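Single-letter residue listing:
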Amino acid sequence: MGCVTSTLLNRDEDFPQIGASAAFSHHIVSLTSTTYGLLTLDPTPPPPQAPASNSPPRRDGGSLRYNHPPLETINSWDLMSGLDENESPNIKQPPSLDYFLEGFELICPPKGENRVVMYSTSLRGVRKTFEDCNAVRSAIQGLGVAICERDISMDRGFRDELRELMKGKEAAIPPRVFVKGRYVGGAEEVMKIAEEGYIGKLVEGLPKLKGGWVCEGCGGVGFLPCFRCHGSCKVVVTVKKKKKSVTVRCSGCNENGLVICHICS
């Protein structure tokens, strides 16, 4: 960059457009390629101002000090004085066993005074019914409590027994659970009790199963083939007067040729 007034402005007629003003004769500059990025013709903008802040002043070198409010002393013994040893203000205490069982109707199945009796089905014809039976069975057996399960699909006598117990009530659709001679309900009622955490209180005091124990008689099925007809439901009887043999219906088993296991039932 160099001043050009000494060589280019000797004659005013060479620059008639600017020669009229004497101020331009001393301020015209010749630009080169090295000066294009160094010149700033616009005025410099003012620096931005920081927005006002409501935060407290920062502590700098000990010149500023904070005035903290005085700390309040809390005595934890005073807060716990009104609580019992086994109580907590945030934990709901379950009701007593006697009070809990009084909420269920007194309907006792045969030999169901001190056990859990469950009427179920092992047929998968209705999928929801089969799954409900499995869910209720798992919820109770998960506590290690023995269940006296009565399969209405394997024995017509159990089906008639359940209909008699549910007479005048809802349909006798399994599963139906009875605990200590009281009717608890079906799958919806039992699973609701389990979700609320009262299932343990419901079966409290009932006999427990030993770990890994399986009935030696039926293997946990609850039924055995008839020892008389071997599951055929037919036996051969000899008629003395006519001196001939006839086939009759076996009276020692059910319609499926099965007998109830007397070890676990």
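Everything numeric here is computed off the predicted structure, so don't read it as measured data.

**Section: the pattern of salt bridges**
Part 1 of the argument: Summed over the entire model, instances satisfying the criterion amount to five salt bridges.
Part 2 of the argument: With a closest N to O distance of 2.9 Å, Arg-127 and Glu-131 form a salt bridge. Taken as a pair, Arg-127 and Glu-131 lie in helix α5 (residues 127–141) at a separation of four residues, close to a single helical turn.
Part 3 of the argument: When the shortest N-O distance is used, the salt bridge between Asp-132 and Lys-128 registers 3.0 Å. You can see Asp-132 and its partner Lys-128 sitting in helix α5, four residues apart, about one turn around the helix.

**Section: the confidence of the model for the protein**
Part 1 of the argument: Averaged over every residue, the pLDDT of the protein is 77; residues scoring 70 or more account for 67%.
Part 2 of the argument: Ignoring residues within four places in sequence, the model shows residues 18–25, a span with pLDDT below 50, making five contacts including any to other chains.

**With respect to the nonpolar core**
General note: in soluble globular proteins, nonpolar side chains tend to be found buried as a group.
Part 1 of the argument: Counting residues in hydrophobic clusters, the biggest one holds 20 residues, and the most contacted among them are Val-116, Val-177 and Leu-202.
Part 2 of the argument: Mapped onto this core, the elements with two or more residues apiece are β4 (116–120), α5, β6 (176–179), α7 (187–196) and α8 (199–202).

**Notes on the sheet that holds β6**
Part 1 of the argument: Taken together, five strands build an open sheet; the order of strands is β3-β7-β6-β4-β5 and the sheet is mixed. For this open sheet the edge positions go to β3 (105–106) and β5 (147–151), each flanked by a neighbour on one side alone.
Part 2 of the argument: With three bridges connecting them, β6 and strand β7 (residues 182–185) associate as antiparallel partners. Paired with Val-179 across the two strands is Arg-182, which belongs to β7.
Part 3 of the argument: Taken strand by strand, helix α6 (residues 156–165) contacts β4, β5 and β6, and its axis lies near 110° from that of β4.
Part 4 of the argument: On the sheet, α7 packs against β6 and β7 and is oriented at approximately 85° with respect to β7.

So, how was this worked out
Numbers given to residues run from 1 along each chain, matching the order in which its sequence is written. Residues qualify for local features only when their pLDDT is at least 70, as the model is predicted, and side-chain atom pairs are given and counted only at 80 or more; totals for whole chains, interfaces and linings, by contrast, use all residues. For the side-chain quantities, the full set of heavy atoms in the structure was used; hydrogens and water were omitted. Every case where a carboxyl oxygen of Asp or Glu lies within 4 Å of a side-chain nitrogen of Lys or Arg is listed as a salt bridge. The way it works is that DSSP assigns letters per residue, a run of H or I at least four long becomes a helix, a run of E at least two long becomes a strand, and they are numbered from the N terminus. Per-residue confidence from the predictor is reported as pLDDT, which spans 0 to 100. Working rule for contacts: check all heavy atoms of both residues, and any pair within 4.5 Å makes them a contact. Among the buried residues, those of types Ala, Val, Leu, Ile, Met, Phe, Trp, Tyr and Cys that are joined through side-chain atoms within 4.5 Å form a nonpolar core. The cut-offs for exposure are 20% and 50% of the maximum accessible area for each residue type, with area from a 1.4 Å probe on protein chains only; residues under the lower value are buried, those over the upper are exposed, and the others partly exposed. Two strands pair under a simple rule: DSSP has to find at least two bridges between them. All axes here are fitted lines through C-alpha atoms, helices being fitted over the stretch that makes contact, and every angle between N-to-C directions spans 0 to 180 degrees.

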